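So the chains spell out like this:
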Amino acid sequence: MIDVTVENFEAEVVAASMNVPVLVDFWAPWCGPCKSLGPVLEKLETDYDGRFKLVKIDSDQEQQLAGMFGIRSIPTCVLLMNGQPVDGFMGALPEGQVRAFLDKHVPTAEELVAEIEGEEAHDALAEGDTGTALEKLQHAVVTDPSNDDARFDYVKLLLQLHREDDAKVAFAPVIAKAAGSRKLGALKAWMDAIDFVASSAYGESAGAEFDAKIVTNKRDFDTRYARARWLMAGQRWTDAMDELLEILMRDKAWGEEVARKTYVAILEIIEPPKVKVADGQIPPDDPVVATYRRRLSSVVLS
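Read on for an overview of the structure. It should be emphasised that the depicted structure is a prediction, and the values quoted were computed from it without experimental measurement.

1. Things to note about the pairing of strand E4 (residues 76–81)
The buried fraction of E4 is high, at 5 of 6 residues. Bridge count between strand E2 (residues 22–27) and E4: 5 bridges; the pairing is antiparallel. Considered in E4, the bridge of Val22 is made with Leu80. Here E4 runs beside strand E5 (residues 84–90); their pairing, made up of 6 bridges, is antiparallel. By the bridge assignment for E5, Thr76 is matched with Met90. In textbook terms, the turn of a hairpin is the stretch between consecutive antiparallel strands, and for E4 and E5 this stretch comprises 2 residues, one of which, Asn82, has a positive phi near 55°.

Pasting the structure below:
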């Protein structure tokens, strides 16, 4: 628990809420209900073990802050996330009701562990340590099976390492969600391409076969799309997108826009994790992703 004033409000409340929910308790020394609520909040801060941060503001001493939040009676608690108030309550609620309030917003212990594991996995990948990254992501998925971001990263890394069978097992619990999720849908498109190439028995010489057909008919979209999926299965992402652009430039709507949808799926797959930057700054775009996004826009909007 931290006492907050105007001087440290920005750092202890606004900036802190970018990383963890911050519960602001407006109180005053003369307030009887405040004295009964305070120990409850402090106990819960300990019980939740860093999943939220508790700060206290003396509404008599810090009238500017109390006015900023429109405090009309005390105790009043306001929860901030990402720099903004998201919820609150008034009065000295019993512990069970405060827990219920927090549980609506505060991540579970499993979610927090999975998030940390995911961040550590990205750090390991940045250092080229795929073994550690895979271990971290697997643990994140086991700890919090509902974390689709961690599962996306885990399945994606398995596919990059050509462990297709393991990727399918890891993807199976969320396959029904793929149609409604851009990330999960992208993984399914990648795995479908791998299965298509395997079932069609396309080998290393397939590229020449595709090229020979396309030379005789540049509007042979079935062959062009098959070539794009062959390239996709081989993780030749920019070559695959170039082939899909050839389809889009000739017929945007072909195959119920499958070329555009597959192109977008590839962009989702190759999009690297956003690098950490200082507060208020925008992470830089990956130059390859940015270039191919512009190319897609210019073709689709032409």
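Once the structure has been displayed, the description carries forward.
2. Some thoughts on the packing of aromatic side chains
Here the structure, examined in full by the defined rule, presents 11 aromatic pairs. Ring geometry for Phe89 against Phe101: centres 5.0 Å apart, planes inclined by 75°, an arrangement best described as edge-to-face. Of this pair, Phe89 sits in strand E5 while Phe101 sits in helix H4 (residues 95–103), placing them 12 residues apart in sequence. Classification of Phe101 by relative accessible area gives buried; the value is 6%. Seen in terms of ring centroids, Tyr202 and Phe210 are 4.9 Å apart; in terms of plane orientation they differ by 55°. Their pairing is tilted.

3. Quick look at the sheet that holds E4
Across the sheet, which stays open at both edges, the 5 strands sit in the order E1-E3-E2-E4-E5 with mixed pairing between neighbours. Bordering the open sheet on either side are strand E1 (2–3) and E5, each of which pairs with just one other strand. The sheet contact formed by E1 and strand E3 (residues 53–58) spans 2 bridges and is parallel. Residue pairing for E3: Ile2 is matched across the bridge by Val55. Across the sheet, helix H2 (residues 32–47) lies against E2, E3, E4 and E5, angled at about 155° from E3, the strand it touches most. On the sheet, H4 packs against E2, E4 and E5 and is oriented at approximately 165° with respect to E5.

4. What about the state of the cysteines?
Following the criterion strictly, the structure yields 1 disulfide and no others. Shown here is the disulfide that connects Cys31 with Cys34, its sulfur atoms set 2.4 Å apart. What sets the handedness of the Cys31 and Cys34 disulfide is the S-S torsion sign, and at about 80° it is right-handed. Considered together, Cys31 and Cys34 belong to a single accessibility category, that of buried residues. With no disulfide partner, Cys77 has as its closest neighbouring cysteine sulfur the one in Cys34, 8.7 Å distant.

Cut-offs and rules
- Residues numbered from 1 in each chain as written.
- Predicted model: local features only at pLDDT ≥ 70, side-chain atom pairs only at ≥ 80, totals over all residues.
- Heavy atoms only, no water.
- Buried < 20%, exposed > 50% of the residue type's maximum accessible area, 1.4 Å probe, protein only.
- Helix = DSSP H or I, 4+ residues; strand = E, 2+ residues; numbered from the N terminus.
- Pairing = 2+ DSSP bridges.
- Phe/Tyr/Trp six-rings, centres within 6.5 Å; stacked < 30°, edge-to-face > 60°.
- Contact = heavy atoms within 4.5 Å.
- Axes fitted to C-alpha atoms, helices over the stretch in contact; angles between N-to-C directions.
- Disulfide = S-S within 2.5 Å.

This is a description of form; function is not addressed.
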